[in-house]
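Residue strings, one per chain:
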Amino acid sequence: MAADSADETANAQGTAGFLFEMGVLKNAKRTGWWFTGNNNPESIAEHSFRVGIVGAVMEGVDPAKVALMCLFHDTQETRIGDIPHIGRRYIDAATNETVTADQVSAAHPAVKAGVQRVVSEYENGDTPEAIVAKDADKLECLVQAVEYRAQGYSLVQDWIDTSLSSLKTASAQALAEAALTMSPLEWRKTFLGE
């Protein structure tokens, strides 16, 4: 019995350690926006939150499964950072699955298996939910670029174009086109009668 209790304590501590590590994402900034002159872009956690929201509202798939993949899609960045696309051509990094395996190695076995399964499905990108989750990531980047452009950051067009051209689903393409035709504060008009 003492061994079971020790295992439970170790599993709980390993899982708690993973939770603390995920907290790092609240402070880690998305570095690609620095190229646009934005010295204080959103954090990785802020990005992942809205990616999850975007994924949950897209059509034709299990919204909870998509949102879960979206939530975990950048968790590896606690270990490898947010490497801008231009920087990736110079770095040979471990796969996201490898990083995730290390991150959850001490967690409860069910946590370890669940997180690894979610990340693996996202990275493989071959299920309808994974395709939508990847579109949600790109769509959130596009929406963020539109917001930054409205705030005066004029060098965001490449992020808009790249995100738009990478969208796979009709739902994501329609949402992107809608976002490109409106102000980021347009939603207020519905409620304020402007």
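Look a little higher up for the structure.
Everything quoted here is computed from the prediction, not taken from an experiment.

Rules behind the numbers
- Residues numbered from 1 in each chain as written.
- Predicted model: local features only at pLDDT ≥ 70, side-chain atom pairs only at ≥ 80, totals over all residues.
- Heavy atoms only, no water.
- Helix = DSSP H or I, 4+ residues; strand = E, 2+ residues; numbered from the N terminus.
- Buried < 20%, exposed > 50% of the residue type's maximum accessible area, 1.4 Å probe, protein only.
- Axes fitted to C-alpha atoms, helices over the stretch in contact; angles between N-to-C directions.
- Parallel < 35°, antiparallel > 145°, perpendicular 65-115°, else oblique.
- Left-handed = near helix turned anticlockwise from the far one by under 90°.
- Contact = heavy atoms within 4.5 Å.
- Nonpolar A, V, L, I, M, F, W, Y, C, P; charged D, E, K, R; others polar.
- Disulfide = S-S within 2.5 Å.
- Expected span 1.5 Å × (residues − 1).
- Arc of directions from axis to C-beta.

Peer 1: Could you give an account of the environment of Ala16, with specific residues and numbers?
Peer 2: Within the secondary structure, Ala16 is located in helix α1 (residues 2-23). Residue Ala16 is classed as partly exposed on the basis of its relative accessible area, which comes to 29%. Sequence-wise, Ala16 and His108 are 92 residues apart; in three dimensions their C-alpha atoms are separated by 9.6 Å.

Peer 1: I'd like a description of the packing of helix α3 (residues 63-72) against helix α8 (residues 128-150), backed by residues and values.
Peer 2: As a packed pair, α3 and α8 sit with axes 9 Å apart at the nearest point and diverge in direction by 50°. Viewed along their axes, α3 and α8 adopt a mutual orientation that is oblique. Relative to α8, the crossing made by α3 is right-handed. On the side of α3, the interface is formed by Lys65, Val66, Met69 and Cys70, while α8 contributes Glu129, Ala130, Val132, Ala133 and Ala136. Classifying every residue of the contact of α3 with α8 gives 7 nonpolar, no polar and 2 charged.

Peer 1: Please give an account of the packing of α3 against helix α7 (residues 109-124) that cites residues and values.
Peer 2: The interhelical angle for the contact between α3 and α7, taken along N-to-C directions, is 95°, at an axis separation of 9 Å. Between α3 and α7, the interaxial angle falls into the category roughly perpendicular. The residues of α7 that touch α3, namely those facing Lys65, Leu68, Met69 and Phe72, are Val115, Val118, Val119, Glu121 and Tyr122. Partitioned by chemical class, the residues of the contact of α3 with α7 number 7 nonpolar, no polar and 2 charged.

Peer 1: Mind laying out the state of the cysteines, listing which residues take part and the relevant values?
Peer 2: Within this structure, the stated rule accounts for 0 disulfides. A disulfide-free cysteine, Cys70 has its sulfur positioned 14 Å from the sulfur of Cys141, the nearest such atom. Given a relative accessible area of 11%, Cys141 falls into the buried group.

Peer 1: Can you break down helix α2 (residues 44-57) residue by residue, with the values?
Peer 2: Counted at 1.5 Å a residue, the expected span for α2 with its 14 residues is 20 Å, and the 20 Å between its end C-alpha atoms agrees. Burial in α2 covers these residues: Ile44, His47, Ser48, Val51, Gly52, Val54 and Gly55. When α2 is viewed along its axis, its buried side chains cluster within an angular range of 165° and face the same direction. What points out from α2, more than 90 degrees from its buried face, is the exposed set Phe49 and Val57. Taken together, the buried residues of α2 touch α3, α4 (77-80) and α8.

Peer 1: I'd like to hear about the environment of Arg50, residue by residue, with values.
Peer 2: Checked against the element boundaries, Arg50 lands in helix α2. Separated by 17 residues in the primary sequence, Arg50 and Ala67 place their C-alpha atoms 9.6 Å from one another.

Peer 1: An account of the environment of Leu139 is needed here, citing residue identities and associated values.
Peer 2: Checked against the element boundaries, Leu139 lands in helix α8. Exposure remark for Leu139: the relative accessible area of 3% places this residue in the buried category. Sequence spacing of Leu139 and Leu167 is 28 residues, and the spatial spacing of their C-alpha atoms is 7.5 Å. When near neighbours in sequence (up to four residues on either side) are disregarded, Leu139 contacts Val54, Leu167, Ala172, Leu175 and Ala176.

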